[in-house]
Amino acid sequence: MLFSPYPKTKREELFDRDEELREIKHAVERGERLILLLGIRRLGKSSLLNVALNELPYPSVKVDVRKTYSEYSSVSRYAIGRAIVSSLEGRRRLLEELKDFLSRIRGIAVSGLRIEVSPKGFSLTELLEALNEYGERKGRVIIAFDEAQYLRFGGATRYDGIIAYAVDNLENLTFVLTGSEVGLLFDFLKFHDPEAPLFGRYHHDIELKRFSPELSEEFLRKGFEEAGVPVGDDELRMAVGELDGIPGWLALYGYIRTTRNLGHDDAIAEVLKEAKAVVGRELSRLFSYSPRYRVILKAVALGYSRWRDIKDYVTMKLGYINDSNFSALLENLVKSGYVEKTGGGYRIPDPVLERVFREL
Ligand SMILES: Nc1ncnc2c1ncn2[C@@H]1O[C@H](COP(=O)(O)OP(=O)(O)OP(=O)(O)O)[C@@H](O)[C@H]1O
Ligand SMILES: [Mg+2]
């Protein structure tokens, strides 16, 4: 179903994105080893990743690093190893083929369809080496890290070093990394830092864009048609005007309208309500670091776009803050994708969040 409010996995549920899918496939076929899928939240990175992994003829493992982090409050080698093997568990054919490769790895024991990882002595590098050997037989193995910027919380484990080692030496692996906090992801990968392990390494970046207004309307039209709910063109246009081409909001709007039998205005109100809840979930951690984040977001949402004007607004609300501290906070918001820096100054790239931030 086009409007289902969960990350898609099947080609027929994914609207458009043909070009991006083709680009991923070609990059993998060429044997590229590091592919990045980038874009702010709710553009459909996870959906695109899922569908690509499904469509490609190679075995793959996928780790939701954001989820791993929120479960364990860290992303230890063990947690990531555990996440990799649990994405193999239950896949009988794959496991049977992989069994011999896996059982040679320190800290891993395979019994039936279950794989045990022991926190002590487990080597992630050995696991990757085993997958690489398996990849030699299968053509390739794809290792996907969804929301890879969370790998920066590896503590003693330097995932950038592990990925660099794999990219340099394990020729049958392709890593696909997605990131909604694009600035944070690049800070972590440090391609431009001569001291960093991934310095100068080739990476194929695919930047997801929002749908154009025409495509957005077509997405809604197709989804409503599929659900058998008639909606007029003027309402489609209004919805796109308010939600822009962000697939996550468009799908949610469609889902709410078709499943709860609501009209346009009520559905938009529900989307905003959900967006408010989402902001609470996504940003509560950030807000607990500094109450200033909240006020900066509000200022930018209200239309203050210049550095000086945003700072003045924050000073007026919360008192003095020095320039460099303020810049650091603003920069963090840019790196996490909630604020965008353009030629014309700072702005909120997501119009739905912009409305929510105005009320902060
Ligand atoms: N091309 C698409 N066709 C149909 N639905 C889509 C498409 N892209 C995204 N969606 C829907 O939008 C929502 C967000 O998609 P998804 O979770 O894949 O985005 P994301 O970029 O991974 O977001 P996040 O950064 O929050 O993880 C989901 O409900 C998904 O079903
Ligand atoms: Mg995602």
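Note that the structure is a prediction, hence the values are computed from the model and not measured. (Residues numbered from 1 in each chain as written. Chains lettered and ligands numbered in written order. Predicted model: local features only at pLDDT ≥ 70, side-chain atom pairs only at ≥ 80, totals over all residues. Heavy atoms only, no water.)

Draft legend 1. Representation of helix α8 (residues 182–189) in the model. Restricting attention to buried positions, one finds in α8 the residues L184, L185, F188 and L189. With its buried residues spanning 130° around the axis, α8 presents them on a single face. (Buried < 20%, exposed > 50% of the residue type's maximum accessible area, 1.4 Å probe, protein only. Helix = DSSP H or I, 4+ residues; strand = E, 2+ residues; numbered from the N terminus. Arc of directions from axis to C-beta.)

Draft legend 2. Quick look at the packing of helix α13 (residues 292–301) against helix α14 (residues 307–318). Running from N to C, α13 and α14 cross one another at 130°; their axes reach a closest spacing of 9 Å. Considered as vectors, α13 and α14 are oriented oblique to each other. Seen along the crossing, α13 lies across α14 with a hand that is right-handed. Taking contact as the criterion, the partners of R292, V295, I296, K298, A299 and V300 in α13 are, on α14, I310, Y313, V314, K317 and L318. Partitioned by chemical class, the residues of the contact of α13 with α14 number eight nonpolar, no polar and three charged. (Axes fitted to C-alpha atoms, helices over the stretch in contact; angles between N-to-C directions. Parallel < 35°, antiparallel > 145°, perpendicular 65-115°, else oblique. Left-handed = near helix turned anticlockwise from the far one by under 90°. Contact = heavy atoms within 4.5 Å. Nonpolar A, V, L, I, M, F, W, Y, C, P; charged D, E, K, R; others polar.)

Draft legend 3. Molecular detail of the pattern of salt bridges. Per the counting criterion, the structure on display carries 30 salt bridges. Of the charged contacts in the structure, one is a salt bridge between E282 and R41, with a shortest N-O distance of 3.1 Å. With E282 in helix α12 (residues 264–289) and R41 in the loop between β1 (34–38) and α2 (45–55), this residue pair connects regions lying 241 residues apart in the sequence. By relative accessible area, which is 22% here, R41 ends up partly exposed. Of the charged contacts in the structure, one is a salt bridge between R281 and E274, with a shortest N-O distance of 3.5 Å. What emerges from the salt-bridge pattern is a single network uniting R82, E89, R114 and E116. (Salt bridge = Lys/Arg side-chain N within 4 Å of Asp/Glu carboxyl O.)

Draft legend 4. Quick look at the UniProt feature "domain: MCM C-terminal" (unreviewed entry) in the protein. With numbering matched to this structure, UniProt assigns "domain: MCM C-terminal" (unreviewed entry) to residues 290–343. With 65% helix and 6% strand, residues 290–343 has end C-alpha atoms that lie 27 Å from one another. (UniProt positions renumbered as here; feature names shortened; annotations may be inferred.)

Draft legend 5. Representation of empty space enclosed by the protein within the structure. In total, this model carries three cavities of 30 Å³ or more according to the counting rule given. The calculated volume of the largest cavity comes to roughly 80 Å³. I40, R41, R42, S180, S336, G337, Y338, P349, D350 and L353 together form the lining of the largest cavity. Residue composition of the lining of the largest cavity, grouped by class: four nonpolar, three polar and three charged. Split by domain, the lining of the largest cavity shows at least three residues from each of two domains, domain 1 (17–207) and domain 3 (290–360). If you add up the space inside the second largest cavity, you get close to 40 Å³. Lining the second largest cavity are L124, L128, F145, L151, Y159, I162, I163 and F175. Among the elements of the structure, α6 (124–138) and α7 (159–169) are those that each provide at least two residues to the lining of the second largest cavity. Of all the elements, α7 adds the most residues to the lining of the second largest cavity, at three residues. (1 Å grid on protein atoms, 1.4 Å probe; cavity = no way out; pocket = protein on both sides within 12 Å on 5 of 7 lines; lining within 4 Å. Points joined across faces, edges and corners; volume = space filled by probe spheres on them. Domains from an automatic or database assignment.)

Draft legend 6. Spotlight on the layout of surface pockets. The space that makes up the second largest pocket amounts to roughly 370 Å³. Lining the second largest pocket are 17 residues, and of these G39, I40, V182, E207 and E340 sit closest to its centre. The set of elements that each furnish at least two residues to the lining of the second largest pocket consists of α8 and α15 (323–335). Class assignment for the residues of the lining of the second largest pocket results in eight nonpolar, four polar and five charged.

Draft legend 7. Geometry of the UniProt feature "domain: ATPase" (unreviewed entry) in the protein. Mapped onto this structure's residue numbering, the UniProt feature "domain: ATPase" (unreviewed entry) falls at residues 14–250. Taken end to end, residues 14–250 is 49% helix and 15% strand, and its two terminal C-alpha atoms sit 13 Å from one another.

Draft legend 8. Region of the structure containing the packing of aromatic side chains. Taken as a whole and judged by the stated rule, the model has 14 aromatic pairs. Taking 6.2 Å as the distance between ring centres and 85° as the angle between the ring planes, the aromatic pair formed by F224 and Y253 counts as edge-to-face. Remark: Y253 occurs in helix α11 (residues 247–260) and F224 occurs in helix α9 (residues 213–227); sequence separation between them is 29 residues. For the pair F224 and Y253, one class covers both residues: buried. Chaining the aromatic ring pairs together yields one cluster made of F3, F15, F211, F219, F224 and Y253. Here R152 stacks its cationic end above the ring of Y150, 5.9 Å away from the centre of that ring. (Phe/Tyr/Trp six-rings, centres within 6.5 Å; stacked < 30°, edge-to-face > 60°. Lys NZ or Arg CZ within 6 Å of the ring centre and 35° of its normal.)

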